Amino acid sequence: MVNKTAYQRVQGARRKDKISTAELIHGLTTDFFELHGDRLEADDHALIGGVGLLNNRPITVVGIQKGADTDENIDRHFGSPTPQGYRKALRLMKQAEKFHRPILALVNTPGAWPDVESEYHGQGSAVAQCIIQGMQLKVPYISIIVGEGGSGGALALACGDRVLMFEDSIYSVLSPEGYASIMWKDSSKVQQAAEELGLTPESLLKDGIINQIIHEYKPGDDLSDLRDFLDQQFTELENLPMSELIEQRQRRFRNY
Amino acid sequence: MLQSRFKMPSHDELVKRMDAIPDHVLRECPICHAKFLSMRLGRDHTCPKCGYGFRILAKRRVKITFDKFTEIDQNVTVPDRYTDEKYRAKIAKAKKVTGLNESVLTGIGSLNKQQVAVGIMDPFWIMGSLGSATGEKITRLFELATRKDLPVVMFTSSGGARMQEGLHSLMQMAKVSSAVAEHSAAGLLYIVVLCDPTTGGVTASFAMDGDIILAEPHALVGFAGRRVIEQTIMQTPPKDFQSAETVMKHGFIDQIVKRSDMKKTLTQLLRLHTKENAYG
Ligand SMILES: [Zn+2]
């Protein structure tokens with residue numbers, strides 16, 4: 001993989017022509033059937049999900065989808081889920097558990113949507129539920145950080161057995177812009193901020209926070225390698241006794 | 001006789017006298033803006049007018065809330081791998097101000113002879129931020145409580161994740177949540193008391209995981225900060241959008257409890273959950 005600075009990774013993660021979550025879903029699965037709504041009040045378009053076949057294995061996919069243009073970005077609030085989005089994700093993940101199918105979570109978000117309505121609807125609580133219940137799910141659960149992995153809004157979908165990152169992706173406690181403006185009251189120092197945050201796949205792999213870096217796929221690329229890889233990962237996890245699966249997952253987080 | 005010699009000072013005179021009082025003696029409530037003498041804050045450090053609980057040191061809170069308390073893990077602190085000078089300076093200052101080695105005080109307390117595992121975040125320890133050692137202490141507290149069959153009371157006050165520790169800070173949300181889940185699966189009670197301010201990653205994890213969630217009056221409780229909302233989506237939030245009262249109205253808080261009633265309330269809740277009285 002090419003050597004890049006942390007800030008180049010940030011730019012790569014935010015690139016407009018990055019493969020989207022929806023494209024990944026359609027490239028990885030067949031017979032995909034999209035499911036909507038949190039069964040309480042709304043259907044958040046930033047959070048998409050459904051059921052499909054990965055090499056003939058039924059899986060549940062949940063993912064965060066950014067928009068391709070301004071209109072779509074407004075509809076999907078720039079890939080920042082609302083509480084309704086997180087509740088929809090959790091609903092689908094619990095459903096996966098019921099039907100004993102593994103979960104694939106695709107993350108590409110600057111963070112949970114920061115607006116007044118989301119606060120009123122319990123953004124904190126919604127993310128908290130994804131984390132605490134996500135960690136207990138009795139099925140294999142793999143997450144891929146596709147582009148941006150922004151803070152708690154990303155962690156909500158990354159509490160499973162394996163966390164993988166695309167080459168051009170970042171996973172960060174806050175945005176480099178936010179870090180720079182708090183640290184130095186100077187949001188232009190993003191490059192230094194990106195370095196200090198240690199948000200690149202390379203540094204997170206070294207830190208033991210992620211399990212593996214995945215080759216970057218572009219829109220239109222053949223995804224069969226990735227499909228086979230995920231299939232093999234799910235098989236490995238499915239071969240573990242249930243108690244061992246949950247224990248391994250908990251141990252992973254206990255070590256941080 | 002005495003009365004006639006004592007003349008009530010004029011309003012202007014009183015204002016003049018107020019102005020002459022040094023700042024640390026005169027306090028202003030950040031919520032209702034009432035001004036009063038520090039001594040009127042009382043033992044509980046609350047606003048005499050609106051009941052707002054001022055931010056207090058964890059060590060003070062433990063004294064005013066529990067009959068007995070034994071601290072655990074008091075030497076757990078920020079790992080050596082964080083060597084940044086500025087961060088180290090902040091840590092040193094926080095330790096001095098609070099008398100704690102991390103942003104949370106943990107231990108076993110008692111309330112009316114009922115034992116309880118206690119966690120109290122300290123808003124003066126780098127804003128009560130969630131560092132790796134903070135998460136470690138809270139995790140160990142839940143693990144201990146699960147082993148000893150004890151309920152947990154957690155007082156939260158935090159600016160959220162600790163950015164100096166990068167993603168390790170974020171991972172604490174998951175680590176603590178896992179310990180909370182195990183405690184819960186053992187049928188044990190977890191009470192959260194949301195104190196001013198509870199925000200960010202703490203709100204998005206163990207602060208919202210309680211079986212019972214209480215809050216102090218007017219405490220700020222939220223996920224995204226006001227400035228983040230203003231700068232990211234150019235929306236101006238209403239004044240009280242993250243007050244405990246607003247959050248309760250939206251269904252995320254069971255009750256708002258004045259600090260002076262906290263001890264009584266917690267005692268009552270613990271009594272209501274004693275296992276001897278449980279069905280089955
Ligand atoms: Zn007041």
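As annotated in an unreviewed UniProt entry, chain B is Acetyl-coenzyme A carboxylase carboxyl transferase subunit beta from Lentilactobacillus rapi. The Sequence similarities (unreviewed entry) comment attached to chain B in UniProt states, word for word, "Belongs to the AccD/PCCB family." The record held by UniProt for chain B lists under Pathway (unreviewed entry) the comment "Lipid metabolism; malonyl-CoA biosynthesis; malonyl-CoA from acetyl-CoA: step 1/1."

Per an unreviewed UniProt entry, chain A goes by acetyl-CoA carboxytransferase and derives from Lentilactobacillus rapi. Taken verbatim from the UniProt record of chain A, the Pathway (unreviewed entry) comment is "Lipid metabolism; malonyl-CoA biosynthesis; malonyl-CoA from acetyl-CoA: step 1/1." Entered under Catalytic activity (unreviewed entry) in the UniProt record, the comment concerning chain A runs "N(6)-carboxybiotinyl-L-lysyl-[protein] + acetyl-CoA = N(6)-biotinyl-L-lysyl-[protein] + malonyl-CoA".

J.: Give a description of the packing of helix H4 (residues 83-98) of chain A against helix H6 (residues 123-134) of chain A that names residues and reports values.
T.: Residues and elements named next belong to chain A. In the contact formed by H4 and H6, the axes pass within 8 Å of each other and the chain directions differ by 20°. The orientation of H4 with respect to H6, classified from their angle, is roughly parallel. By crossing handedness, the relation of H4 to H6 is classed as left-handed. When H4 is examined against H6, the residues Pro-83, Tyr-86, Arg-87, Leu-90 and Lys-94 are found in contact with a partner set consisting of Gln-123, Ser-125, Ala-126, Val-127, Gln-129, Cys-130 and Gln-133.

J.: Explain the UniProt feature "binding site: Zn(2+)" (unreviewed entry) in chain B to me, using residue names and the numbers behind them.
T.: Residues and elements named next belong to chain B. Residues annotated in UniProt with the feature "binding site: Zn(2+)" (unreviewed entry) correspond here to Cys-29, Cys-32, Cys-47 and Cys-50. Sequence-wise these annotated residues cover 22 residues; spatially they are packed, their C-alpha atoms never more than 8.6 Å apart. Of note, Cys-47 is situated in the loop between strand E2 (35-37) and helix H3 (58-65). The residues touching Cys-47, leaving out its near neighbours within four places in the chain, are Cys-29, Cys-32, Phe-36, Tyr-52 and Phe-54. Relative to the elements of secondary structure, Cys-50 occurs in the loop between E2 and H3. Assessed through its relative accessible area of 23%, Cys-50 is described here as partly exposed. Setting aside residues up to four positions removed in sequence, Cys-50 forms contacts with Cys-29, Ile-31, Cys-32 and His-218.

J.: Can you break down the environment of Thr-21 of chain A residue by residue, with the values?
T.: All names here are of chain A. Positionally, Thr-21 belongs in helix H2 (residues 21-28). Along the primary structure Thr-21 and Ile-213 are separated by 192 residues, whereas in three dimensions their C-alpha atoms are 17 Å apart. Not counting residues up to four positions away in its chain, the partners in contact with Thr-21 are Ile-48, Gly-63, Ile-64, Gln-65, Leu-106 and Asn-108.

Each value, and the rule that gives it
- Residues numbered from 1 in each chain as written.
- Chains lettered and ligands numbered in written order.
- Predicted model: local features only at pLDDT ≥ 70, side-chain atom pairs only at ≥ 80, totals over all residues.
- Heavy atoms only, no water.
- UniProt positions renumbered as here; feature names shortened; annotations may be inferred.
- Axes fitted to C-alpha atoms, helices over the stretch in contact; angles between N-to-C directions.
- Helix = DSSP H or I, 4+ residues; strand = E, 2+ residues; numbered from the N terminus.
- Parallel < 35°, antiparallel > 145°, perpendicular 65-115°, else oblique.
- Left-handed = near helix turned anticlockwise from the far one by under 90°.
- Contact = heavy atoms within 4.5 Å.
- Buried < 20%, exposed > 50% of the residue type's maximum accessible area, 1.4 Å probe, protein only.

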